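# Survey of secondary and tertiary structure
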Amino acid sequence: MSLMRLAYASEATFEAKPVEKGVEPHVARILMTSRKNNARGKLVGGLYYGNNRFFQYLEGDEDEVRKTYDRILQDDRHRNVVTLIEEPVADRTFSNWSMKYVPLSRDVQRFLESQGLQRFEPASFTSAQCEQMIELIRNSSHDQKLVNHDEARTVRETPQAFSPGLKAGLIVAGLCLLGALFFAGSML
Ligand SMILES: Cc1cc2nc3c(=O)[nH]c(=O)nc-3n(C[C@H](O)[C@H](O)[C@H](O)COP(=O)(O)O)c2cc1C
């Protein structure tokens, strides 16, 4: 039995809906089918979804990978599918996962920044960038703890009501006021 790996990029055709439990609802349905089918076919891999784009990596028995990819190519939930990697592999490099899901999380964001990329546009990835994305999927634990890209940004960018400096200033001012009140009280 020969093994192969495959990666592609595509554009979602659906209008993204609000995230439910960390996953966009259309993507949640795709994941449900993928996990069921891929587990049966002993396929492993990962799916990135962000900026209305998909990046998917599949690894397993060549016949299974090709059969699955043929189905994926026919799917009208995405378009402009670009095959990025399609080659034999000696061994499996993923374990225990039928289909990891990694939303555009902070580590993907950091990866994009490190490459000077403004947006998640996987169709234009170089082969080195594809390998880095696959490495991110391999090392990701996000399937257990889904982090939505937009939520991550919200947390990072939410302004604090009081900055630490202002807090310290208010405490000192409060103490001075108390001192002044005691002093005034003792003068009476
Ligand atoms: C971006 C994307 C990724 C997909 N990935 C997989 C996959 O890894 N495995 C799979 O079986 N189906 C995948 N699908 C779904 C297939 O296109 C197809 O709907 C499904 O395999 C049909 O399975 P069913 O006959 O069990 O309903 C994907 C679809 C999209 C749009």
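Everything that follows concerns the structure shown earlier in this document.
Owing to the predicted nature of the structure, the values given are computational and were not obtained by experimental measurement. (Residues numbered from 1 in each chain as written. Predicted model: local features only at pLDDT ≥ 70, side-chain atom pairs only at ≥ 80, totals over all residues.)

### Points about the nonpolar core
Ranked by size, the top nonpolar core spans 24 residues in total, and within it A7, A9, Y48 and M133 carry the most contacts. For this core, the secondary structure elements donating two or more residues are β1 (3-12), α1 (25-40), β2 (44-50), β3 (53-61) and α4 (127-139). Beyond its immediate stretch of four places on either side in the chain, A9 contacts R53, F54, F55, V82, L84, P122, A123 and F125. (Core = buried A, V, L, I, M, F, W, Y, C linked by C-beta atoms within 7 Å. Buried ≥ 20, exposed ≤ 12 C-beta atoms within 10 Å, placed from the backbone. Helix = DSSP H or I, 4+ residues; strand = E, 2+ residues; numbered from the N terminus. Contact = placed C-beta atoms within 7 Å.)

### What to know about the site of the ligand
By nearness alone, 15 residues border the ligand, and S34, N37, R71, D75 and R77 come closest of all. Among the secondary structure elements, those contributing two or more residues to the shell around the ligand are α1, β3 and α2 (62-74). Looking at the shell around the ligand, the element that brings in the most residues is α1, giving 5 residues. A class-by-class count of the residues in the shell around the ligand yields 4 nonpolar, 8 polar and 3 charged. (Near = placed C-beta within 6 Å. Nonpolar A, V, L, I, M, F, W, Y, C, P; charged D, E, K, R; others polar.)

### Some words on unusual backbone geometry
Backbone geometry at N52 places phi at a positive 65°, although glycine is not the residue there. Looking at N52, the number of C-beta atoms within 10 Å reads 16, which means it is partly exposed. Positioned with a positive phi, N80 is a non-glycine residue whose angle comes to about 50°. Looking at the secondary structure, you find N80 in strand β4 (residues 78-89). Taking the number of C-beta atoms within 10 Å as the measure of exposure, N80 has 10 and is therefore exposed.

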